[in-house]
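# Secondary and tertiary structure notes
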Amino acid sequence: KEIPKKEEGALAPEPEVRNLPDFSHVFLPVEFLRNLFSRNLGIGTPDKVLDELTLEGVAQYIKSGKCKNIVCMVGAGISTSAGIPDFRSPGTGLYANLQKYNLPYPEAIFQIDYFKKHPEPFFALARELYPGQFKPTVCHYFMKLLKDKGLLRRCYSQNIDTLERVAGLEGDDLIEAHGTFYTSHCVSFCCRKEYSLGWMKEKIFSDDVPRCEKCSSLVKPDIVFFGENLPLRFFTSVKSDFPRCDLLIIMGTSLQVQPFASLVSRVSKSCPRLLINMEKSCPSLVETTLLCFSCRDVAHISTCDDGCLALADLLGWKAELEDLVKQEHARIDSQDQSSESKGAPAKASSASAAPQHKRGQE
């Protein structure tokens, strides 16, 4: 239809005002939002698993016998009490203390392209952090206790310090998502000759840049640098482990690095997730919580060791955990003394205390 022309100077008609109720003072509770999204978007509300969203609630769930496939996701925060710095803590983190290496930016020390041109900074840092100089922490032995009690399905670690192995987690228990020092390879795609932990250690502590005996290319420990792919086993295990997981324990990581951080969203919507960390700033955990509208997340803000001791206490395992730590540290000290008496480096035995690397499992 032809639209009538507006007469010049005429005022536009006032819009019709309806008496709508004022909702500005109404608070929409979480339960209302859950029902709304469930009804309109088909997002179902998961069954309640924890009686309460506390560490006590998690402990009761574990003791109920319904929890048999625990997956642990761990980062650098579980090793700080052993004397190994984490990466991102202001002032004390590894990235904050790399000025002496004259890097263009801190992360360059773990960039594969930068390493191929300037390997010296990485190997200088490797001497400081090399496996065998530190003992596992309470947190490491708590995971060993979970394994001994038949509750640990897998530990997914971002760490390269090998302390999970020293604590007694073997190849099948462990996914070293960011690689391991246990083996090394020539970086040349045409060669890829493998070298042992002992060979690499000798080169690093003799101040030599490790080079391949076959083609003279650089040799790098099998840790994952920025620009490299994660191990294939990481992806294949995720597909089988996370759908079966009935408790996800996240410790000592701020979940800043992908694809590791995205694993928190791979468990079912009813699977409880426990965070033990010094801060709550875990973006992936927050995002997936909002998307799933699930009341299944517990945050225990403390050091990883204190959090594990508190959980062990609630489970009735505290004395057992403390005894395990004491016995294992005494065993490592004994091996250190034995190595000293034979003329070997005093701190080299922690790595030898770990289970032998099994080919085909990493």
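Read on for a plain summary of the structure. The shown structure was predicted, so the numbers you read here are calculated from the model rather than taken from an experiment.

Cut-offs used in this document
Residues numbered from 1 in each chain as written. Predicted model: local features only at pLDDT ≥ 70, side-chain atom pairs only at ≥ 80, totals over all residues. Heavy atoms only, no water. Pairing = 2+ DSSP bridges. Helix = DSSP H or I, 4+ residues; strand = E, 2+ residues; numbered from the N terminus. Axes fitted to C-alpha atoms, helices over the stretch in contact; angles between N-to-C directions. Contact = heavy atoms within 4.5 Å. Buried < 20%, exposed > 50% of the residue type's maximum accessible area, 1.4 Å probe, protein only. Expected span 1.5 Å × (residues − 1). Arc of directions from axis to C-beta.

### Quick look at the sheet that holds strand 5 (residues 194-196)
Pairing between the strands of a sheet is mediated by backbone hydrogen bonds and can be parallel or antiparallel. Pairing in this open sheet of three strands is antiparallel, and the strands run 5-4-6 from one edge to the other. Of all the strands in the sheet, just strand 5 and strand 6 (219-223) have a single pairing partner and so form its edges. Looking at each pair of strands side by side, their axes are set apart by 40° on average, direction ignored. Bridge analysis of strand 4 (residues 179-186) against strand 5 gives three bridges, and the strand direction is antiparallel. Paired with His185 across the two strands is Glu194, which belongs to strand 5. Set on the sheet, helix 7 (residues 197-205) makes contact with strand 4, strand 5 and strand 6; between it and strand 5 the angle comes to about 75°.

### Quick word on the environment of Met200
Of note, Met200 is situated in helix 7. Judged by its relative accessible area of 0%, Met200 is buried. Note: C-alpha distance between Met200 and His185 (15 residues apart in sequence) is 9.8 Å. Apart from residues no more than four positions distant in its own chain, Met200 is found in contact with Phe123, Tyr130, Ser184, Pro210, Val219, Lys220 and Pro221.

### Looking at helix 10 (residues 304-315)
Over its twelve residues, helix 10 extends 16 Å from the first C-alpha to the last, a length consistent with the 16 Å expected when each residue adds 1.5 Å. Those residues of helix 10 that sit buried are Cys304, Asp305, Gly307, Cys308, Leu311, Ala312 and Leu315. The buried residues of helix 10 all sit within an arc of 165° when viewed along its axis, so they share a single face. Count one or two residues on from helix 10 and you reach Gly316, which has phi positive near 80°.

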